Each structure stands twice: as C-alpha cells, then as structure tokens.
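Observations on the three-dimensional arrangement
In case you want the letters, here they are:
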Amino acid sequence: MDTLTRRRFLIASGVTVAAGAAAYGITDLLKSAGERDPAAKVLVLVTLYGGNDGLNTLIPYGDPAYATARADLAYDPDKLLHLDDHFALNPGLTGLHQLYQRGGLAIVRGVGYPKPDRSHFRSMDIWQTAQPQRPGTTGWLGRWLDAAGGDPRLAVSFEPVLPPLLAGATSAGATVPGGKLTLPAVITPAQVEALGGPVPGESPARARAAACFADLMRVQDLMDDTIAEDDGAEDDDAPATATGGSAPPLDQQLALVARCVEAGVPTRAYSVSLGGFDLHAGGRDAQQSILARLDRPLAAFQQRMAGKGVVVAVYSEFGRRVRANASDGTDHGTASDLFLLGDGVTGGMYGEAPSLTDLDDGDLKYTVDFRDVYAALLHDVLDGDPARTLDGWGGRLEKAL
Amino acid sequence: MTERTRVSHLLRRLTFGPTAGEVDAAVKVGFDATLRTLIRPPGPVPEPELGAEPDPKDRQARQKQAAAALRWWLGQLAAGGAAEKLTFFWHGHWATSVQKVRSGRLMLGQLATFRKYGFGDTSPLVRAMLRDPALILWLDGQKNTRRAPNENLARELMELFTLGIGAYTEADVKAGAKVLTGWRVDRKTGKSVFVDKKGADGPVTLLGRTGTFDVDDYAGLLVDHPAHLPFLAHRLWIRYASATAPSEAAVARITAAGRNASALLTALCGDPEFEGTNGTLVKQPVEWLIGATRQLGLPVPQQALADLRGLGQVPMRPPSVGGWPVGVAWLTTSATVARLRAAQRLAAAAKTEVKDPEALANLLVVDGWSDRTLAVLRGVKDPRKLLAIGLASPEYTVH
C-alpha cells in the first residue's frame, strides 16, 4: 500500500467513527483487525519518569569538567562503554552499546526546550503536550490520533490510567490491561455498544465515559488473541522514587507491544514507560541498575522487531543538575539525551553536546528543541503533518530517520 | 434543582457514596444543616492491630504489615464518612507511597496527622508534616545535609503541597532545602529527630525574607504566602467539585473563608458555582468502589485491592508525589472493563434486589438516567445484571 492508500485507510476508520460506533459491529472489526498495512511504520515511545540523568547516561568522560563537577558521582573511564575518545555510555547500557557499534542507535544530545521548568509534573506535561509555553490538555500523540480519525486502536498504552500523551481533543488512545479484554458475563456486546451512544448536552467527562464503551468494542478484538493473563502482582523490587509512574514492568509492556506488532494489529503508536529516575540520593549505582532495567528489554525488543517497521524513541522530562548534591544524587536539571532506534534509524550522535562550563543557573543549555524530534517522528514514522500536531512548529531533526 | 438533587450532590461529593437513607435524612434537615453536620473533625479512630514492628530487612514481613495497614484503612474509609474522605483528600495531596517508606506503621502515622490537623488552620498541619517521618523518608529529607542540600522535599513542598508553580523561584528551592537540613528519621523508634550539627547555618533569603529560619519559620512563610490559600482552594475544588478550575470569583469567595480547611471546604460547597459542577466529576476508583460497597450494604470485599489495581488507584501507593490524576485520565478502555468486572462481583454479593431503573437510581443515588442508559437498563430483567450495569454506567462513574 502506498502512502496515499495508507492515509485513506486511516481516514476510512475515522469516518466509521464519525458515522456512529453503534453501526460498527464486532464482525466488521474481526475483518479489519490483524490487518496493519505492512508498509505502515510503528512508533514506540518510551517515557522515563523522574528525570533521567543524561550526563551519566551518555558520559562526556573526555571533558575534564565532567569529573570535576561530579566528584563521587563520576565514573572511572575504565568502567565505561566507550563510543569514541570523548563519549561513552553508562555501564548499564550494554545492549544499546552493541547496537550503537552496529550503527543502529541514534543519540540526540542536548534535547530540551526554552525556559526549562524544573518541576517533574510541569516538565512532563510540556514533553507530553509538546506545548512549552503553556501545556494544554491534549497530548501530541492524542492530537495525531484526532487527525488520523480517532480510532482508539491506533494509539495504545498498557497502563490502566491514560497518559496525557494519548489524550486527544475529540478522541483518546486505548489503554489495554495486561490481561484479556473479554467482557464479563453480566453485559452483552450489544449493551456495551448501546452504552457508548452519545447524549446531547452531556458533560464532557460523562460523554467520555460513554465513549469508552464504544471504544471498548473496537479495541476488544485487537488484543483478544494477543495477550496472556496478567498476574496483577505489585512490582516491589522496582526502585522507588517519588515520581515512579504506575506502569507494569517495562519488559512486560514491550513484550505486549511485540506480540501486537507480530499479530499485525492496526496500532501505529504505543506508549510505554519506566519510572524510578528521580535519584536525589545514592544516584550512581541506582541509576546504573535502572538503566540496565531499560537496556535489557529494549535491546531484546529491538532484535525481535528488526525488519517490522518499528521505531523506538526514549526520553525523560529533564536531565539532572551538573553538580552532584551531598547525598550522591542530583537535583532537577534541564537538557538531556534522547535515544532513537529501530528500522530506518541511522546510528550516530546528533545535536551539539551542551557545554559543562557555560551553564544556565548550574544547568545545561539545550541545543535541540524536542519538537524537532517529534516532527521527524510524526513525518517519517506516523505519516502525520508535524505542523498541524505541533502548533505550527517548522523545525525538524534531519538525517536520523 | 430540587432540594433532593442538591443534597444528593452535596453528599456524593463530601462522602464516599451516600445511601438512599442518608439522602432521605439530609432532605429533612436541608442543605445548610447537612453541610454543617458533615464537615466536622473525626471522633476517636481505633488503632489497628498491626502486630510487632517487622525487621527492616525482612521484606515479606514489611509487605505484610503494609497490606494489613491498607486493609484496615479501606474499612475505615467506608466507615468514616466525610471526615475520612478529607483524610483521603490530604493523602492524595501530600501523596506519599509505602513503596519507598516501607512501613505501614509510618503511613498510618501520617494519616493520623491528617485526622488531627486536617480540619483546621493549615499552619499546624504544615508544621507537623515537615516533621512527618513518612514524608521525610519519601522525599529524601533523610539525606539532606548542609554541605550540599538535597532539594527534593523543598521543591515538592512549595510546588505541590503549599504554593503551586509560579509562586516561588529556583533560588527559593535552594534556600528552602538549606532550611530543611538536619531532620532525620530513626527507623527503630519511627520518630523524626533534628540533628543540629547536620543543619544549615547562616541566613538565607527565602520567599522574599532574609534570616536564619527553622522548619516552623519556613512553614509560617508558606502558609502566610498570598499564593497558599488560592492554591489550596484549587486543590480542594478539583477533588470535590470539578476537574475544571474554578472561576477567579469563586476562588475569591472561597478563600475569604480564611486559613482553615473546614471553613474553605464549607465555603466551596456553599458556593453558587458548586451546584453547576453536578454530573461533571469523574469518581476516583477508591470513591467508586467504597461508595458502591456502602450503597449495597457490603463490607469492603477481599477482592478490593485487586479491583483498585485494575482501576489504576491503590491507596498508599500514589503513582508519584504529584498524587493521582483528575478527570478523564480515569476514563479508559481498560478501566471500563475493570469497572464492569468489579461491578459484576459486587452485584453478585449484594443482598439488595432492584427490579427497575427507578429503584436502581434511588439505591445508587443517581439523579436520573440518560435516554441512552435508560434504554439499556429497561431491557435488563435480571436484578444482578441491572445492578452491575448501573454501577458501570457513565451516570454512576461521573457524578
């Protein structure tokens, strides 16, 4: 299918929605599910909650200012995974290191936005809404979904609570639990569809509650044969910080994504996340261990997905302060690194590395606007219009995708 | 709005799911008297039996204690009325997680502080919270030394607990962190102590004032700050009234009640804009589940914790220090299935039988069904199915 036909496919699903979900039966669904256009790419967005310390992720060990600023938090260069004679990766990132050496990992340096906000919540809102001046109520993938017709199957997360990222103005991505989405015996598909009907004058929240029933009918078959039962246990071994996120472990989330991609479901964008990066204390060992919890599943996922048109982007709400605090941790900072990997990604380093000495109130000055990266993902992976989704933003990260 | 609708709205927002009997009683005395009676400090709350304090290294014993503490609290939420709902509000506000605190006893200690101070002037509350062992552990107060202060607690204190973004600067965060140095938690006794030699010395400039401050001075600067009351009014509004922010006029009217949580909440519920929020607020999963068990006359089910996990809200485990989301974030496809499943189990356990949509609305204190939902309910003959669909309906989920 060429790009035009692919767009028509997306628009067609949207038209079905607008015409009324009640008319769109389960049998029709069975026919359309499992038929993602093989040429359509898939985006997997990995959110690292808590502010990952970018300086100890892609480490400028060749810059003497690094060891000076970080004292006990700095790594001995011998312990690092070298990329060149200046930069190295954190020892926890062995899988990504190998990928870089094979030319499959793009590292974008100094990613941030104007007037950086050091609040976790405001800054994550800014990243998820892609609106640095005044974060609104829709996420950038939610707005892409609106433009692509609003079919909830196109954008999926595995958390019970909707990340702002997937909230559109007129639609919302689907959140699918680890278990099967089978309906309990107490209700029939016809009743679910009927509860999804709109009522004039209803409050937006109540209309959304109703729309969830309609969405449910469309999402149900999507996952039915794809996903095993969830054991529902708490992940108590996970490192706990005050900005943890509430998703299942990353390997589970990525395994679900892999099964969906392999099953050919129509989903084009997945949101997965890993929390625990808010390391104000005991930062170095804890970060290395959590980066390893990112690296292993990510490397395995990349191998499994090779050739299937999947692109992964990994980001966090900000990096950390250049100078360590006395608890061997770091406080909230600004610009950080962003990773891109997957089919069509040209490996290497992009963007200018921020200076460690010319600082903004103790923090790195950003060199790449994160919207440039989103624009590339929207255009090259999601067949979307970056300007429409990003409030007219005109820049774009070149060459990486 | 009829008087019955007005008091139903008030009871739905101030308590965890009013029963039809509670609505009848409130209609008799009227809106104002109901409001006065509801917002009152709690009476004595029994101490739960948690057993011996586990060895900090014994992970299983710690988890068992935390689970027992949570089970006890779920029962207390169902029994404690409006007072315990305010305790739950403060829990979501000073959102602290047992996942890092690793002590059910310290979590219950924090809740006891909310019961003791949460109804009055916020000054003693903030002072008590700055000494709260669970909060200190949660936000690395433990690790804060004067050599290079740790900013975690100072930042969240101003951003999330007292003032809100925009009312303080990055320099205030750094100065605040210095003032908070020196507090430690003794894990053995479960008490916080001030270790003077770890504290910062010398004057700082904090929120426009320069001096040598201790935590009580800092608490004073926060609660006297002009941003404090409007911030708190907003936070109360999004949990009790609507996920959409109140008008400036409403904020001005509410904050005129002064620096007292009971007075602010009373003013909020008495505000002319409060009535218009009916039918707009998405129930948090805890509100939905505890409310349903109350209305069905059931004890909190064994299954409650698994249900809450499926719905995305486990008390004592907020996803972050920012607390739980409000609004449509709760309205997802997976939560809809989880709600249907939980509703099916609750309906199966219920002793009450309802036979028609009108009786169902009365039992669940729903003002009325939309034509859409009514059409579905009319087609259901089985009382258990009727109940389950009612509990999962948009009209019950968004109140």
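Residues numbered from 1 in each chain as written. Chains lettered and ligands numbered in written order. Predicted model: local features only at pLDDT ≥ 70, side-chain atom pairs only at ≥ 80, totals over all residues. Heavy atoms only, no water.

1. Side note on the overall build of chain B
For chain B, the helix and strand inventory stands at 22 helices and four strands. Rg of the C-alpha trace for chain B: 22 Å, near the compact-globule value of 21 Å for 399 residues, within the 12% margin. Projected onto the principal axes, the alpha-carbon positions of chain B cover approximately 75 × 50 × 40 Å. Across the 399 residues in chain B, those meeting the buried criterion constitute 61%. If you take every contact in chain B between residues at least 6 apart in sequence, the share linking residues at least 24 apart comes to 70%. Element-wise, carbon and sulfur atoms account for 53% of the exposed surface of chain B, whose accessible area totals about 15,000 Å². Looking at charge distribution, chain B has the averaged site of its 51 positive side-chain charges lying 6 Å from that of its 38 negative ones. (Helix = DSSP H or I, 4+ residues; strand = E, 2+ residues; numbered from the N terminus. Rg over C-alpha atoms; globule rule 2.2 N^0.38 Å. Buried < 20%, exposed > 50% of the residue type's maximum accessible area, 1.4 Å probe, protein only. Contact = heavy atoms within 4.5 Å. Areas by Shrake-Rupley, 256 points an atom, 1.4 Å probe, with all protein chains shown as cover. Lys, Arg positive; Asp, Glu negative; His and termini not counted. Charge placed at Lys NZ, Arg CZ, Asp CG, Glu CD.)

2. Some details on the overall build of chain A
Across its full length, chain A carries twelve helices and twelve strands. Here chain A holds 401 residues, and 62% of them are scored as buried. Carbon and sulfur atoms provide 52% of the accessible area of chain A, an area that totals close to 14,300 Å².

3. A closer look at the sheet that holds strand S2 (residues 58-59) of chain A
All names here are of chain A. Strand order in the open sheet made by the three strands is S2-S4-S3, with antiparallel pairing throughout. Of all the strands in the sheet, the pair left with one neighbour each is S2 and strand S3 (81-82). The sheet contact formed by S2 and strand S4 (residues 88-89) spans two bridges and is antiparallel. In the strand pairing of S4, isoleucine 59 is matched with alanine 88. (Pairing = 2+ DSSP bridges.)

4. Quick notes on unusual backbone geometry
Residues and elements named next belong to chain A. Of note, lysine 399 is a non-glycine position whose phi angle comes to about 75°, a positive value. Inspection of the secondary structure puts lysine 399 in the segment after helix H12 (386-389). Judged by its relative accessible area of 68%, lysine 399 is exposed.

5. A few points about the pattern of salt bridges
Under the defined criterion, the tally for this structure stands at 35 salt bridges over all chains. Among the salt bridges present, the one from aspartate 363 of chain A reaches arginine 321 of chain A, with a minimum N-O distance of 3.3 Å. You can see aspartate 363 of chain A sitting in the loop between strand S11 (348-350) and strand S12 (368-369) and its partner arginine 321 of chain A sitting in the loop between strand S9 (310-316) and strand S10 (336-342), a full 42 residues away along the chain. Owing to a relative accessible area of 0%, aspartate 363 of chain A belongs among the buried residues under this scheme. By relative accessible area, which is 9% here, arginine 321 of chain A ends up buried. Between aspartate 224 of chain B and arginine 259 of chain B there is a salt bridge, with the nearest N and O atoms lying 2.8 Å from each other. Highlighted residues: aspartate 224 of chain B in helix H12 (residues 215-224) and arginine 259 of chain B in the loop between helix H14 (248-255) and helix H15 (261-270), separated in sequence by 35 residues. Classification of aspartate 224 of chain B by relative accessible area gives exposed; the value is 57%. Connected through salt bridges with shared partners, the residues Arg118, Arg321, Asp360 and Asp363 of chain A together with Glu151, Arg155 and Glu170 of chain B form a single ionic network. (Salt bridge = Lys/Arg side-chain N within 4 Å of Asp/Glu carboxyl O.)

6. Description of the interface of chain B and chain A
Listed by partner, the interface residues are 64 residues for chain B and 63 residues for chain A. Contact with chain A buries area across many residues of chain B, yet Thr333, Leu340 and Arg372 of chain B alone supply 13% of it, more than any other trio. If you look at where chain B meets chain A, you find three salt bridges. Across the chain B-chain A interface, the total number found is 19 residue pairs in polar contact (both at pLDDT 80 or more). In terms of residues, the side of chain B that touches chain A owes the most to one element, helix H18 (residues 333-349) of chain B, which gives eight residues. Classifying every residue of the side of chain B that touches chain A gives 26 nonpolar, 19 polar and 19 charged. (Buried area = accessible area lost by both parts, 1.4 Å probe. Polar contact = N/O pair within 3.5 Å; in protein donor to acceptor, adjacent residues only side chain to side chain. Nonpolar A, V, L, I, M, F, W, Y, C, P; charged D, E, K, R; others polar.)

7. A closer look at the confidence of the model for chain A
Summing up the model confidence of chain A, the mean pLDDT is 86 and the portion of residues at 70 or higher is 85%. Scored below 50 in pLDDT, residues 1-32 of chain A makes 42 contacts in the model with residues more than four places away or belonging to other chains. (pLDDT = per-residue confidence, 0-100.)

8. Considerations on the packing of aromatic side chains
Residue and element names in this part refer to chain B. One pass over the structure, following the stated rule, counts 14 aromatic pairs over all chains. With 6.2 Å between their ring centres and 20° between their planes, phenylalanine 88 and tryptophan 324 make a pair best called stacked. With phenylalanine 88 in helix H5 (residues 81-93) and tryptophan 324 in the loop between helix H17 (304-311) and H18, this pair connects stretches of sequence that are 236 residues apart. In this structure, phenylalanine 88 and tryptophan 324 share a single accessibility class: buried. A ring pair is formed by phenylalanine 89 and tyrosine 240, whose centres lie 6.0 Å apart and whose planes are at 45°; its orientation type is tilted. Taken together, the residues phenylalanine 89 in helix H5 and tyrosine 240 in helix H13 (residues 228-240) connect sequence positions 151 residues apart. Of the two residues examined, phenylalanine 89 and tyrosine 240, each falls in the buried class. (Phe/Tyr/Trp six-rings, centres within 6.5 Å; stacked < 30°, edge-to-face > 60°.)

9. Focus: the environment of serine 203 of chain A
Positionally, serine 203 of chain A belongs in the loop between helix H7 (189-195) and helix H8 (204-224). Classification of serine 203 of chain A by relative accessible area gives buried; the value is 14%. Apart from residues no more than four positions distant in its own chain, serine 203 of chain A is found in contact with Gly279, Thr280 and Val398 of chain B.

10. Section: helix H2 (residues 20-29) of chain B
All names here are of chain B. When H2 is considered as a whole, its buried residues turn out to be Ala20, Val23 and Ala26. Down the axis of H2, the buried side of the element spans an arc of 120°, and every buried residue falls inside it. Along H2, the residues that are exposed and aim more than 90 degrees away from the buried face are Lys28 and Val29. In this structure, the buried side of H2 is in contact with helix H1 (3-14), helix H3 (31-38) and helix H19 (357-364). (Arc of directions from axis to C-beta.)

11. Brief notes about the nonpolar core
Taken as a class, soluble globular proteins show a tendency for nonpolar side chains to be buried jointly. In this structure, Val44, Val46, Leu89 and Tyr270 of chain A together with Trp94 and Tyr218 of chain B are the most contacted members of the largest nonpolar core, which totals 182 residues. Beyond its immediate chain neighbours, meaning those up to four positions away, tyrosine 270 of chain A contacts Val42, Leu43, Val44, Leu45, Val156, Phe158, Val257, Cys260, Val261 and Val265 of chain A. Membership of the second largest hydrophobic core comes to 44 residues, among which are Trp144, Leu162, Val373 and Ala400 of chain A. (Core = buried A, V, L, I, M, F, W, Y, C linked by side-chain atoms within 4.5 Å.)

12. Regarding helix H4 (residues 59-79) of chain B
All names here are of chain B. The terminal C-alpha atoms of H4 lie 30 Å apart, and with 21 residues this matches the ideal 30 Å at 1.5 Å per residue to within 8%. Among the residues of H4, Arg62, Gln65, Ala66, Ala69, Leu70, Trp72, Trp73, Leu74, Gln76, Leu77 and Ala78 are the ones counted as buried. Check the buried side of H4 and you find it contacts H5, helix H6 (98-101), helix H7 (104-117), helix H16 (285-295) and H17. Phi turns positive one or two residues past the end of H4, at glycine 81, with a value near 60°. (Expected span 1.5 Å × (residues − 1).)

13. Observations concerning the packing of H1 of chain B against H2 of chain B
Residues and elements named next belong to chain B. At their nearest, the axes of H1 and H2 sit 9 Å apart, and the two run at 125° to each other. Between H1 and H2, the interaxial angle falls into the category oblique. Crossing of H1 against H2: the hand is right-handed. Together, Arg4, Val7, Ser8 and Leu11 of H1 and Ala20, Glu22, Val23, Asp24, Ala26 and Val27 of H2 make up the contact between the two elements. In terms of residue class, the contact of H1 with H2 is built from six nonpolar, one polar and three charged. (Axes fitted to C-alpha atoms, helices over the stretch in contact; angles between N-to-C directions. Parallel < 35°, antiparallel > 145°, perpendicular 65-115°, else oblique. Left-handed = near helix turned anticlockwise from the far one by under 90°.)

14. Brief notes about the side chain of arginine 13 of chain B
By secondary structure assignment, the location of arginine 13 of chain B is in helix H1. Setting aside residues up to four positions removed in sequence, arginine 13 of chain B forms contacts with Lys85, Tyr240, Ala241, Ser242, Phe274, Thr277, Asn278, Gly279, Thr280, Leu281 and His399 of chain B.

15. Focus on the confidence of the model for chain B
For chain B, the mean per-residue pLDDT works out to 94, and 99% of the residues sit at or above 70. With pTM at 0.89, the complex prediction returns an ipTM value of 0.94.

16. Quick look at the state of the cysteines
All names here are of chain A. Counted according to the given criterion, the structure contains zero disulfides over all chains. As a non-bridged cysteine, cysteine 212 has cysteine 260 as the owner of its nearest cysteine sulfur, 19 Å distant. Residue classification places cysteine 212 among the buried residues on the basis of a relative accessible area of 1%. (Disulfide = S-S within 2.5 Å.)

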